[in-house]
Amino acid sequence: MSLINNSSHTLEDVEKLYKELRLTSLYHAISKLNNDQDFQDLTFIEKCYQVGVVCKQKRLENKYESLKRKSNIADTAVLPESQDLAKSNGITIDKLDYIISRITGKENRIVVLTGPTGVGKSTFGMSIMDRALRLGHKALFNDYSLQAYMLNSLYLDRVSYSERIANLTSQTVVMFDDFLLAESFTNEAACIKDILDAAKANRCSVILSSQLPVDKWYDKLLNKDKSNVLLVDAVIDRILEEPIIITLNGDSRRRHKNKTEVINAQIAITNKDESKND
């Protein structure tokens with residue numbers, strides 16, 4: 001017995017039915033493809049597949065809007081598409097795709113963005129996160145100094161401290177902007193180590209954006225009496241185990257807002273079995 005009745009239906013009937021079934025993304029796909037002649041010429045199975053593709057795209061768009069609201073990336077921030085920004089900085093699309101595939105993969109990775117003030121580190125990092133959000137991944141942007149202050153204030157309250165670190169690293173990607181820029185505090189190295197360990201356990205990739213060159217981080221983290229040498233060693237070892245290091249060079253964009261400029265960037269990707277340099 002056929003499951004098809006002989007009555008005809010309009011697109012409005014389809015919309016009403018799918019809304020009742022809470023299949024609005026599926027309705028979106030059908031309405032979008034309804035007048036597409038190429039779609040009409042496809043076989044039934046191929047039509048089903050193409051409807052699924054458009055439906056998936058719509059659901060990703062809806063998920064992106066939800067994730068973006070929780071990411072701390074300001075709605076007012078005008079973020080160029082990450083590929084365009086990478087190109088303007090001299091970073092190839094292949095390398096950008098490599099970065100995004102690694103930070104959203106099954107293993108957590110650390111990305112280090114360094115360069116002078118105003119060169120575009122924060123914007124570049126946020127554009128990478130924005131791309132991750134568009135792929136359906138959770139991402140969180142943080143001011144490092146603010147988070148460091150809050151973690152330090154909670155350090156002796158181990159329950160609240162652990163909960164905060166868990167919340168920070170419950171993402172696919174978490175970014176700490178202006179890393180090690182402010183004055184150091186007593187428990188800083190311990191806090192960083194705990195963040196990195198939790199990120200690894202939760203498979204959360206970490207982006208560290210800093211004006212301070214990487215080779216200055218060790219001395220920055222040492223206490224004045226150098227009583228935390230072993231702890232700092234552990235932190236630096238974790239950061240430099242398999243990092244993706246991007247160094248942006250050029251004049252400050254803040255001083256040249258009305259000028260078009262191309263920033264020459266150098267990217268070093270280090271793996272256990274490969275090393276790529278520009």
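Reference entry: report on the structure contained in this document. Source: prediction; values computed, not measured. (Residues numbered from 1 in each chain as written. Predicted model: local features only at pLDDT ≥ 70, side-chain atom pairs only at ≥ 80, totals over all residues. Heavy atoms only, no water.)

Notes on unusual backbone geometry
The backbone of Leu-180 shows a phi angle near 60°, a positive value even though the residue is not glycine. Inspection of the secondary structure puts Leu-180 in the loop between strand E3 (173–177) and helix H10 (188–201). We classify Leu-180 as buried; its relative accessible area is 2%. Phi angles above zero are rare outside glycine, and Arg-203 is one such case at about 55°. (Helix = DSSP H or I, 4+ residues; strand = E, 2+ residues; numbered from the N terminus. Buried < 20%, exposed > 50% of the residue type's maximum accessible area, 1.4 Å probe, protein only.)

What to know about the side chain of Asn-228
Along the polypeptide, Asn-228 turns up in the loop between helix H11 (217–221) and helix H12 (229–239). The contact partners of Asn-228, leaving out residues within four places of it in the chain, are Ala-189, Leu-221, Leu-222 and Asn-223. (Contact = heavy atoms within 4.5 Å.)

Focus: the pattern of salt bridges
A complete count under the given rule lists four salt bridges for this structure. Across the pair Arg-238 and Asp-197 runs a salt bridge, and its minimum N-O distance is 2.7 Å. Taken together, the residues span a long stretch of sequence, with Arg-238 in helix H12 and Asp-197 in helix H10 at a distance of 41 residues. Here Arg-238 falls in the partly exposed class, since its relative accessible area comes to 31%. Look at the salt bridges and you will find they share partners, linking Lys-193, Asp-197 and Arg-238 into a network. (Salt bridge = Lys/Arg side-chain N within 4 Å of Asp/Glu carboxyl O.)

A few points about the packing of helix H8 (residues 144–154) against H10
Close contact between H8 and H10 brings their axes to 10 Å; oriented N to C, the two are set at 100°. Comparing their axes, H10 and H8 come out roughly perpendicular. On the side of H8, the interface is formed by Tyr-144, Leu-151 and Asn-152, while H10 contributes Glu-188, Cys-191, Ile-192 and Ile-195. (Axes fitted to C-alpha atoms, helices over the stretch in contact; angles between N-to-C directions. Parallel < 35°, antiparallel > 145°, perpendicular 65-115°, else oblique.)

Nothing here speaks to function; it is all geometry.
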